[in-house]
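Letter by letter, the chains look like this.
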Amino acid sequence: GFVVRKHGVGTFIALDRSRPLEGGLERLESIVSMAARQGLHVEHEGLEINEEPADRESAEELQVNLGTPLISIRRSILVDGTPVAHMVDRVLPSCLSATEINGSFNGSVLDQLRQKPDSQVTHAVATITAINAGTPMAGRLGVEPGQAVRLVEETLFGREGRAIGLSRNYFLPGLFLFRVIRR
């Protein structure tokens with residue numbers, strides 16, 4: 001890492017941006033698990049857990065009625081003290097409740113779902129695009145508004161093939177090396 005000084009906050013060893021986090025997209029693994037596997041310290045900040053009504057997009061993806069209550073989880077992920085991602089998840093309350101998240105949340109909804117004895121997550125379908133960060137997102141990620149960030153939109157599926165959760169994950173470019181194995 002390298003030394004970063006923030007006036008009024010302190011001096012930190014920041015993430016080595018020349019060494020990206022690596023992971024294959026063929027493996028259903030959280031960014032928290034990926035970073036920990038690579039020996040990096042992971043934490044989350046700005047955790048917001050709310051019950052929110054399903055909007056049109058969520059209702060269609062999750063095959064529920066418009067306005068159906070969903071658990072919404074928002075947070076930023078820091079690796080070695082540096083913001084690297086902002087994540088927004090919406091899950092069915094029958095799969096994960098707000099009280100379960102408040103107990104032992106490590107920053108990953110996927111990990112939380114998989115730790116349950118009756119884990120329902122079998123696979124996910126993801127779409128990866130690049131977008132320009134608006135002012136709120138830029139602030140969360142510590143970048144300038146308008147900077148390109150990688151957006152991974154993901155639908156989590158359960159045992160019966162039913163969608164159980166949606167994720168919108170915003171990643172800083174250059175910090176992640178996602179591989180795809182093609183055969």
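Quick note: structure is the one above.
For clarity, every value in this text was computed on a predicted model and none was experimentally measured.

(A) Broad picture of a negative patch on the surface. Among the surface-exposed residues, Asp55, Glu57, Glu60 and Glu61 lie close enough to one another that they form a single negatively charged patch. Structurally, the position occupied by glutamate 61 is in helix α2 (residues 56-62).

(B) Examining the sheet that holds strand β6 (residues 82-91) more closely. Read across the sheet, 6 strands follow the order β4-β5-β6-β9-β8-β7 without closing on themselves; strand pairing throughout is antiparallel. Taken across any chain shown, the strands that pair with only one partner, and hence form the sheet edges, are β4 (42-53) and β7 (123-132). Mean inter-strand twist for the sheet, computed between neighbouring axes without regard to direction, equals 15 degrees. Pairing between strand β5 (residues 69-79) and β6: 9 bridges, direction antiparallel. Bridged to arginine 75 within β6 is methionine 87.

(C) Focus on the pattern of salt bridges. Here the structure, examined in full by the defined rule, presents 3 salt bridges. The shortest N-O distance in the salt bridge between arginine 74 and glutamate 52 comes to 2.9 Å. Of this pair, arginine 74 sits in strand β5 while glutamate 52 sits in strand β4, placing them 22 residues apart in sequence. Accessibility expressed as a relative area gives 23% for glutamate 52, which makes it partly exposed. The partner of arginine 75 in a salt bridge is aspartate 89, with the nearest N and O atoms 2.6 Å apart.

(D) Seen up close, the pairing of strand β8 (residues 148-157). Of all 10 residues in β8, 7 are buried, a share of seventy percent or more. Across 10 bridges, the pairing between β7 and β8 is antiparallel. Across the sheet, isoleucine 128 pairs through a bridge with valine 152, a residue of β8. Here β8 pairs with strand β9 (residues 163-171) via 8 bridges, running antiparallel. Each bridged residue has a counterpart across the sheet, and for glutamate 153 the counterpart in β9 is arginine 168. Connecting the antiparallel pair β8 and β9 is a turn made up of 5 residues, with glycine 161 showing a positive phi of about 80 degrees.

(E) How the structure looks around the environment of valine 109. Inspection of the secondary structure assignment puts valine 109 in helix α4 (residues 109-115). C-alpha separation for the pair valine 109 and valine 32, spaced 77 residues apart in sequence, amounts to 9.9 Å. What valine 109 contacts, discounting residues up to four positions off in sequence, is Ile73, Arg75, Asp89, Val91 and Leu96.

(F) Main features of the side chain of histidine 86. Its location among the elements puts histidine 86 in strand β6. We classify histidine 86 as buried; its relative accessible area is 4%. Here the side chain of histidine 86 touches arginine 75 through a polar contact of 3.1 Å, landing on its backbone oxygen. At 3.0 Å, the side chain of histidine 86 forms a polar contact with the side chain of serine 76. Those residues within four positions of histidine 86 in sequence are excluded, and the remaining contacts are Arg74, Arg75, Ser76, Met137, Arg140, Leu141, Arg168, Asn169 and Tyr170.

(G) Looking closely at unusual backbone geometry. The backbone phi angle of glutamine 63 is positive, close to 55 degrees, even though this residue is not glycine. You can see glutamine 63 is positioned in the loop between α2 and β5. Residue glutamine 63 is classed as exposed on the basis of its relative accessible area, which comes to 61%. A positive phi angle, near 50 degrees, is found at aspartate 80, a position not held by glycine.

(H) Just the nonpolar core, in detail. One finds Ile31, Ile77, Val84, Leu141 and Phe171 to be the most contacted residues of the largest nonpolar core, which totals 24 residues. Counting only elements with at least two residues in this core, the list comes to α1 (31-37), β5, β6, α5 (135-141), β8 and β9. Broken down by element, the residue count for this core peaks at 4 residues, all from α1. With residues up to four places along the chain from it excluded, the contact list for leucine 141 reads Pro83, Val84, Ala85, His86, Val149, Tyr170 and Leu172.

Criteria and cut-off values
Within each chain, residue numbers correspond to sequence positions counted from 1 in written order. Given that this is a predicted model, residues contribute local features only at a pLDDT of at least 70 and side-chain atom pairs are listed and counted only at 80 or more, while totals for whole chains, interfaces and linings are drawn from all residues. To obtain the side-chain values, all non-hydrogen atoms of the structure were used and water was disregarded. Only residues above 30% relative accessible area that lack a salt bridge enter a patch, with like-charged residues linked at up to 9 Å and the nonpolar side chains Val, Leu, Ile, Met, Phe, Trp and Tyr linked at up to 5 Å. For accessible areas, the Shrake-Rupley method is used with a probe of radius 1.4 Å. Any residue's cover is judged against the shown protein chains and nothing else. Whenever a carboxyl oxygen of Asp or Glu lies within 4 Å of a side-chain nitrogen of Lys or Arg, that contact is scored as a salt bridge. Counted as positive: Lys and Arg. Counted as negative: Asp and Glu. His and the chain ends are not counted at all. A charged residue contributes its charge at one atom only: NZ of Lys, CZ of Arg, CG of Asp or CD of Glu. Where helices and strands are cited, they refer to DSSP runs of H or I of at least four residues and of E of at least two residues respectively, numbered from the N terminus. Pairing between two strands is assigned when DSSP locates at least 2 bridges connecting them. Lines are fitted to the C-alpha atoms to define the axes, a helix being fitted only along its stretch in contact, and any angle between axes, read from their N-to-C directions, falls within 0 to 180 degrees. Each residue gets one of three labels from its accessible area relative to the maximum for its type: buried under 20%, exposed over 50%, partly exposed in between, using a 1.4 Å probe on protein chains only. For this analysis, residues touch if any pair of their heavy atoms sits within 4.5 Å. The term polar contact refers here to a pair of N or O atoms within 3.5 Å; inside protein, the definition further demands a hydrogen-donor-capable atom paired with an acceptor-capable atom, and it admits residues adjacent in sequence only when both atoms are side-chain atoms. By nonpolar core is meant a set of buried Ala, Val, Leu, Ile, Met, Phe, Trp, Tyr and Cys residues that side-chain atoms within 4.5 Å join together.

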